[in-house]
Amino acid sequence: MVMWSDLPKEAMDDCFRPPDEPCQVQCLHCGEQYSSADIVWRESADGGFWSCPIEGCGGAGFQFDIHPVDSTLWRGDEYEEDDYDIESVGHVDDYDVTDVFEDPGDDFDLPY
Ligand SMILES: [Zn+2]
């Protein structure tokens, strides 16, 4: 359990606040990995923001620039076709696929 002591109310209410239970995270900007407990609150003119602790890095916000290392974001397979189930799309029953290939017609020319 991380003790977020001495933090302003804005920090506690911020939607990019790191989780109470620390996890290993990686920054999109600098690529560094560290514990989410190391994410720092930086005061700014309009309140402040949760920021990457790495010196000179502009990464900000848990789940924004800084993501858990086990996030699907790092695997890049969010749009893999395995997740796409054509049966769930509906109207498949209205489409008879055999009609299309039954009679290719005289103009149909195999390329081999
Ligand atoms: Zn960073």
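In case you missed it, the structure is sitting above this.
Not measured: the values here are computed from a predicted model. (Residues numbered from 1 in each chain as written. Predicted model: local features only at pLDDT ≥ 70, side-chain atom pairs only at ≥ 80, totals over all residues.)

When helices and strands are counted, the protein chain shows 3 helices and 5 strands. A buried classification covers 12% of the 112 residues belonging to the protein chain. By sequence separation, contacts in the protein chain at least 24 residues apart represent 46% of the contacts at least 6 residues apart. (Helix = DSSP H or I, 4+ residues; strand = E, 2+ residues; numbered from the N terminus. Buried ≥ 20, exposed ≤ 12 C-beta atoms within 10 Å, placed from the backbone. Contact = placed C-beta atoms within 7 Å.)

Pairing is antiparallel across the open sheet formed by 3 strands, whose spatial order is S2-S1-S5. At either margin of the open sheet sits one strand with a lone partner, and together these are strand S2 (33-35) and strand S5 (66-68). Shown here is a sheet whose adjacent strand axes are inclined to one another by a mean of 40°, direction ignored. (Pairing = 2+ DSSP bridges. Axes fitted to C-alpha atoms, helices over the stretch in contact; angles between N-to-C directions.)

Moving on: the pairing of strand S3 (residues 40-44). As defined by bridge partners, S3 adjoins strand S4 (residues 47-51) across 5 bridges and the pair is classed as antiparallel. Bridge assignment links Glu 43 to a residue of S4, and that residue is Gly 48.

This part covers the pairing of strand S1 (residues 24-27). Two faces make up the sheet, and in a regular strand the side chains alternate between them. Pairing analysis gives 3 bridges linking S1 to S2, with the strands arranged antiparallel. When the bridges of S2 are listed, Gln 26 appears paired with Gln 33. Joining the antiparallel neighbours S1 and S2 is a turn of 5 residues, in which Gly 31 adopts a positive phi near 75°. Where S1 meets S5, 3 bridges bridge the pair, whose relative direction is antiparallel. Paired with Cys 27 across the bridge in S5 is Ile 66.

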